[in-house]
Amino acid sequence: MDQLEIKTAIQISKSKAEVFEAITDPEKMYNYFISESTGEMVEGQSVTWKFPEFEGEVLIEVKRLIPDELISFEWEGAKDKKLLVSISLTEMPDKSTLVKVTEGKMANDKAGIQWFGGNTEGWANFLACLKAYMEHGINLRKGAFEFRGAEM
């Protein structure tokens, strides 16, 4: 395998419209993913996100939005690497939504493997937090990362 690509998914018991809004509206994202944003995601524009457990800001360049179907953006997913993230929404027979996240690609080398492990963990956490927030109103990130920076 020459190239690594992250692919992860989860099913959420909410409509595609509700899930799309929860991913593009920072007021909703504050409840499960980010601590600050410079605005709502708009195709062709950029926003900056801050995460409660990390220092610094992350520039998000929104490439494509198809309401209730697709969110696509570029960000520095790895050091000095702009990577494309695609989040697709598919309605399931029970009217729930299958959320698929794809990010990549990077070379299958030491840096690529480090990115693959860290960002796969990050996107799995994003999906679990999104599901907990949407289905149960719980913010799983609150208090979850205080150990970062501490001796382990």
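The rules behind these values
- The residue count restarts for each chain, going from 1 along the sequence in the order it is written.
- In keeping with the predicted nature of the model, local features appear solely for residues at pLDDT of at least 70, side-chain atom pairs appear and are counted solely at 80 or more, and the whole-chain, interface and lining totals rest on all residues.
- For side-chain calculations, the full set of non-hydrogen atoms in the structure is used, while hydrogens and water are omitted.
- Any two strands with at least two DSSP-identified bridges between them are counted as paired.
- The helix and strand labels rest on DSSP assignments: H or I over at least four residues marks a helix, E over at least two residues marks a strand, and numbering proceeds from the N terminus.
- In this scheme Phe, Tyr and Trp rings, the latter by its six-membered ring, pair at centre separations within 6.5 Å, and the angle between planes marks the pair as stacked below 30 degrees, edge-to-face above 60, and tilted otherwise.
- Only protein chains enter the calculation, and the probe is 1.4 Å; a residue is then buried if its accessible area is under 20% of its type maximum, exposed if over 50%, and partly exposed in between.
- By definition, residues are in contact when any of their heavy atoms lie within 4.5 Å.
- Axes here refer to lines fitted to C-alpha atoms; in helices the fit is confined to the stretch in contact. Angles between the N-to-C directions go from 0 to 180 degrees.
- We define a salt bridge as a side-chain nitrogen of Lys or Arg found within 4 Å of a carboxyl oxygen belonging to Asp or Glu.
- Identification of polar contacts relies on pairs of N or O atoms within 3.5 Å, with a donor-acceptor requirement for protein atoms, meaning one able to donate a hydrogen and the other able to accept it, and with residues adjacent in sequence counted only if both atoms are side-chain atoms.

A.B. asks: Got a minute to help me understand the pairing of strand β6 (residues 81–91) in this structure?
C.D. replies: The side chains of a regular strand alternate between both faces of the sheet. Sheet topology places strand β5 (residues 70–78) next to β6; 8 bridges connect them, and they run antiparallel. Among the inter-strand pairings, Ala78 is bridged to a residue of β6, identified as Lys81. Where β6 folds back on strand β7 (residues 97–107), the antiparallel hairpin that results is connected by 5 residues, among which Lys95 adopts a positive phi of roughly 75°.

A.B. asks: In this structure, what is going on with the packing of aromatic side chains? I would like to understand it.
C.D. replies: Each aromatic ring pair is summarised here by two numbers: the centre-to-centre distance and the angle between the ring planes. Overall, the coordinates contain 14 aromatic pairs when judged by the stated rule. Plain terms: the ring middles of Trp49 and Phe51 are 6.3 Å apart, the flat faces sit at 85° to each other, and that makes the pair edge-to-face. Just as Trp49 is buried, Phe51 falls in that class too.

A.B. asks: Looking at this structure, I do not really get the sheet that holds strand β2 (residues 36–37). What am I missing?
C.D. replies: Paired through backbone hydrogen bonds, the strands of a sheet run either parallel or antiparallel to each other. Spatially, β1-β7-β6-β5-β4-β3-β2 is the arrangement adopted by the 7 strands of the open sheet, whose pairing is antiparallel. The sheet is open, and its two borders are formed by β1 (3–12) and β2, each paired with just one other strand. As judged from the 2 bridges shared by β2 and strand β3 (residues 46–50), these two strands associate in the antiparallel manner. Within the sheet, the bridge partner assigned to Glu36 lies in β3 and is Lys50. Its contacts with the sheet put helix α3 (residues 110–136) on β1, β5, β6 and β7, and the angle it makes with β1 is roughly 10°.

A.B. asks: For this particular structure, what's the right way to read the pattern of salt bridges?
C.D. replies: Side chains that differ in sign of charge can pair as their charged atoms come close. Applying the stated criterion across every chain yields a total of 11 salt bridges. Note that Glu61 and Lys63 form a salt bridge whose closest N and O atoms lie 3.8 Å from each other. The exposure class assigned to Lys63 is partly exposed, which follows from its relative accessible area of 40%. Between Lys95 and Glu91 there is a salt bridge, with its nearest N and O atoms 3.5 Å apart. Judged by its relative accessible area of 55%, Lys95 is exposed. Classification of Glu91 by relative accessible area gives partly exposed; the value is 44%.

A.B. asks: Even after reading the chapter, I still don't get unusual backbone geometry, so can you show me in this structure?
C.D. replies: Phi is mostly negative for residues that are not glycine, and the peptide bonds are mostly trans. Residue Lys105 is reached from Gly104 by a cis peptide bond, and omega for that bond is 15°. At Asp68, a residue that is not glycine, the phi angle is positive and equals roughly 65°. With respect to the helices and strands, Asp68 occurs in the loop between β4 (58–66) and β5. For Asp80, which is not glycine, the phi torsion reads 60° and is therefore positive.

A.B. asks: I tried to follow the side chain of Lys16 on my own but got confused; where do I start?
C.D. replies: Checked against the element boundaries, Lys16 lands in helix α1 (residues 16–24). We classify Lys16 as buried; its relative accessible area is 17%. At 2.6 Å, the side chain of Lys16 and the side chain of Glu69 are in polar contact. In contact with Lys16, other than residues within four places in its own chain, are Asp68, Glu69, Leu89, Thr90, Glu91 and Thr97.

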